[in-house]
Amino acid sequence: MACVLEAPLRMSVLSEVTASSRHYVDRLFDLDPQKVLQGVIDMKNAVIGNNKQKANLIVLGAVPRLLYLLQQESSSTELRTECAVVLGSLAMGTENNVKSLLDCHIIPALLQGLLSPDLKFIEACLRCLRTVFISPVTPEDLLYTDATVISHLMALLSRSRYTQEYICQIFSHCCKGPDHQTILFNHGAVQNIAHLLVSSSYKVRMQALKCFSVLAFENPQVSMTLVNVSVDGELLPQIFVKMLQRDKPIEMQLTSAKCLTSMCRAGAIRTDDSCIVLKTLPCLVRMCSKERLLEERVEGAETLAYLIETDVELQRIASITDHLIVMLADYFKYPSSVSAITDIKRLDHDLKHAHELRQAAFKLYASLGANDEDIRKKIIETENMMDRIVNGLSESSIKVRLAAVRCLHSLSRSVQQLRTSFQDHAVWKPLMKPILESGAIELLCSLTQSENLALRVNGIWALMNMAFQAEQKIKSDILRGLSTEQLFQLLSDSDVNVLMKTLGLLRNLLSTRPHIDHIMSTHGKQIMQAVTLILEGEHNIEVKEQTLCILANIADGTTAKELIMTNDDILQKIKYYMSHSNAKLQLAAMFCISNLIWNEEEGSQERQDKLRDMGIVDILHKLSQSSDPNLCDKAKTALQQYLA
């Protein structure tokens, strides 16, 4: 494939390019090796810091010739090294430059170069590889296509501090996901890199630390191994703790906090360990202060959100550390009109990335408020909080929208928990009011149509929470906002989480008799159709159980139960599940029957007779002998309705 820039060049530009840069490329073809070497050195000096010159030389075909010279056995080591240096310099230009280098198969050529005995040449090849691999246009998998490459790189780690720095940097950039982690782990990455954490070179220490932060992320195997590794008699967690002290560079503090966070989340370090409570957590809170750079605040907040996500005690500690909840409110005001940033480049960068701050703040608020009611109350009372969430739900960035819906979902748990535990309306009444006034229901309903799975799940989940013991108007608003068509779409979603949350929503909508009767009078036909489809489909036990529970709720309605009694197909399905091999499904089917035959309700005699004719009483007698105490009790209770 030809190595050219993507953008076509106009003729006038091309002639100018030819005039100013052609002689550099011509000299690469000289018959005198000394002149070729001098040509490459001159080219190196011409391209340093000059993106235009880099682009010109690529257009004129310098890359294939440089790669040819680099791979020729007859080329002197000095020439091959200088070629690698120039290629590395070209890679430091634009993304288009890197694409051109990749098109010319630069990576296999450089990897081949690593087999040379000459250290200077190896270092030049590694430096160039590092530059190519850290570009976003380079596929990480190119590092893993040949199984021998990783082993060879591990072996080269001992050659010099430069090989250590570049190889660790390559590993940390190319380790994306569990497959890559496993390959590196199996090739001895932990043992080979651990001692580099105490290197005399800061750059080597830093790159080794970054390696561990990506290797351990969401990886219990690596985390459990790290906790027992020692270097010079000191365990790795102790080394990481030293690296997050206040006198260390911010980058080092943050990265070591990430390592300890991953180890904690994997269960390798306890959540109440002093290295987490007294060191890691306070360090991450420090990173959220407005004195820090934007990217440090983003990384600090996101890592802290991950650390405390599942632990109530850590959530409580974080919420009272350095006024964190108030500090996060600043994430939405940045950069302000009176921003202290005088560096125009930095201001331009931050304006482009300000949405990342909002995303990080929403994530951290969601983690902080995941369990504790008092913390939720503080978050809800933070200035303009609901407005911010609603604005977040309609931002153009999908990541911000997802973080905002997670935050709303976390806060809406209040609604569910408070209504059940103690009837304290002080928090959930005002919370529901801003949620409803802000048009959140419409926004959440629209999120359920998103192509992004996480947005669909969280949107439907938040609606499910809102419908829990809600007043009829809210339930009607949700049904109107979703539309029957969308409800069917969600019930036939290929993702089981979406399906389960939609069934949970239906179950919450169909609770309390007046609501059940009202909803079934307007949407009964469609809901019964959906229930039939799911009970007939290839679904897991949990899905079927949830669907039978919805039927049990319908059977509890006053007029709604007639929709079941007049539907022989549904009655046969309930009968089938009463005799199913799974006790959960049997129990759920029994709830339906109990609600249909309950004596004190109008028409119970006719319903009992119809179900007796279907053979339901025989099944109840059989179940009353069941070894499962729940099934046995439920069957006996149901039979008593016939005797009463």
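Residues numbered from 1 in each chain as written. Predicted model: local features only at pLDDT ≥ 70, side-chain atom pairs only at ≥ 80, totals over all residues. Heavy atoms only, no water.

## Details of the nonpolar core
- Judged by nonpolar contacts, the single largest core of 219 residues is most densely connected at Phe 212, Leu 368 and Leu 551.
- Sequence-distant contacts of Leu 368, that is, excluding residues within four places in its chain, are made with Ile 308, Gln 315, Ala 318, Ser 319, Leu 324, Ile 325, Leu 328, Ile 375 and Ile 379. (Core = buried A, V, L, I, M, F, W, Y, C linked by side-chain atoms within 4.5 Å. Buried < 20%, exposed > 50% of the residue type's maximum accessible area, 1.4 Å probe, protein only. Contact = heavy atoms within 4.5 Å.)

## Here we look at unusual backbone geometry
- In this structure, Glu 218 takes a positive phi of about 50° despite not being glycine.
- As for its position among the elements, Glu 218 is in the loop between helix 13 (202–216) and helix 14 (220–226).
- A positive phi angle, near 55°, is found at Asn 384, a position not held by glycine.
- With respect to the helices and strands, Asn 384 occurs in the loop between helix 22 (373–380) and helix 23 (385–393). (Helix = DSSP H or I, 4+ residues; strand = E, 2+ residues; numbered from the N terminus.)

## Comments concerning the pattern of salt bridges
- This model, assessed by the stated rule, comprises 31 salt bridges.
- Note that Arg 27 is salt-bridged to Asp 42, the shortest N-O span being 2.6 Å. Of this pair, Arg 27 sits in helix 1 (residues 11–27) while Asp 42 sits in helix 2 (residues 33–47), placing them 15 residues apart in sequence.
- Look at Asp 42 and you get partly exposed, because its relative accessible area is 23%.
- A single salt-bridge network, built from bridges that share partners, covers Lys 290, Asp 330, Lys 333 and Glu 383. (Salt bridge = Lys/Arg side-chain N within 4 Å of Asp/Glu carboxyl O.)

## Details of the UniProt feature "repeat: ARM" (unreviewed entry) in the protein
- Feature annotation in UniProt assigns "repeat: ARM" (unreviewed entry) to the following positions: residues 61–97.
- Helix makes up 76% of residues 61–97 and strand 0%. Its end C-alpha atoms lie 12 Å apart. (UniProt positions renumbered as here; feature names shortened; annotations may be inferred.)

## Focus on the side chain of Arg 388
- Of note, Arg 388 is situated in helix 23.
- Despite its burial, Arg 388 pairs with no opposite charge, the nearest such side chain being Glu 383 at 4.6 Å.
- Within the structure, the side chain of Arg 388 is placed 2.7 Å from the backbone oxygen of Glu 383, a separation counted as a polar contact. (Lys, Arg positive; Asp, Glu negative; His and termini not counted. Polar contact = N/O pair within 3.5 Å; in protein donor to acceptor, adjacent residues only side chain to side chain.)

## Considering the packing of helix 2 against helix 5 (residues 77–91)
- Packing of helix 2 against helix 5 leaves a shortest axis separation of 9 Å and a crossing angle of 25°. With respect to helix 5, the element helix 2 is oriented roughly parallel. The handedness of the crossing between helix 2 and helix 5 comes out as left-handed. Residues Val 36, Leu 37, Val 40, Ile 41, Met 43, Lys 44 and Val 47 of helix 2 form the contact with helix 5, whose own contacting residues are Glu 78, Leu 79, Glu 82, Cys 83, Val 85, Val 86, Ser 89 and Leu 90. (Axes fitted to C-alpha atoms, helices over the stretch in contact; angles between N-to-C directions. Parallel < 35°, antiparallel > 145°, perpendicular 65-115°, else oblique. Left-handed = near helix turned anticlockwise from the far one by under 90°.)

## What about the environment of Ile 317?
- The residue Ile 317 is located in helix 19 (residues 312–319) in this model.
- Looking at Ile 317, the relative accessible area reads 22%, which means it is partly exposed.
- Separated by 36 residues in the primary sequence, Ile 317 and Leu 281 place their C-alpha atoms 8.6 Å from one another.
- Not counting the four nearest positions on each side in its chain, Ile 317 is found in contact with Val 277 and Leu 281.

## Remarks on helix 13
- When the terminal C-alpha atoms of helix 13 are compared, their 21 Å separation across 15 residues agrees well with the 21 Å that a helix rising 1.5 Å per residue should span.
- Among the structural elements, helix 10 (161–174), helix 11 (178–186), helix 12 (189–194), helix 14, helix 15 (236–243) and helix 16 (250–265) are those in contact with the buried residues of helix 13.
- The N-cap residue of helix 13 is Ser 201: its side-chain oxygen and the backbone nitrogen of Lys 203 are 3.4 Å apart. (Expected span 1.5 Å × (residues − 1).)

## Brief notes about the side chain of Gln 169
- Within the fold, Gln 169 resides in helix 10.
- Gln 169 gets classed as buried once you look at its relative accessible area, which sits at 12%.

## A closer look at the packing of aromatic side chains
- All told, the structure shown has five aromatic pairs when counted by the stated rule.
- With 5.5 Å between their ring centres and 50° between their planes, Phe 217 and Tyr 306 make a pair best called tilted. In this pair, Phe 217 is assigned in the loop between helix 13 and helix 14 and Tyr 306 in helix 18 (residues 294–308), connecting sequence segments 89 residues apart.
- Residue Tyr 306 is classed as buried on the basis of its relative accessible area of 17%.
- A cation sits over an aromatic face here: Lys 501 above Trp 461, 4.3 Å from the ring centre. (Phe/Tyr/Trp six-rings, centres within 6.5 Å; stacked < 30°, edge-to-face > 60°. Lys NZ or Arg CZ within 6 Å of the ring centre and 35° of its normal.)

## Looking at the confidence of the model for the protein
- Mean pLDDT over the protein stands at 89; residues scoring 70 or higher make up 92%.
- Low pLDDT, under 50, characterises residues 4–14; the stretch is placed with 11 contacts to residues that sit more than four places away or in other chains.
- Contacts of residues 417–427 to residues separated by more than four positions or lying in other chains number 21 contacts, the stretch itself having pLDDT below 50. (pLDDT = per-residue confidence, 0-100.)

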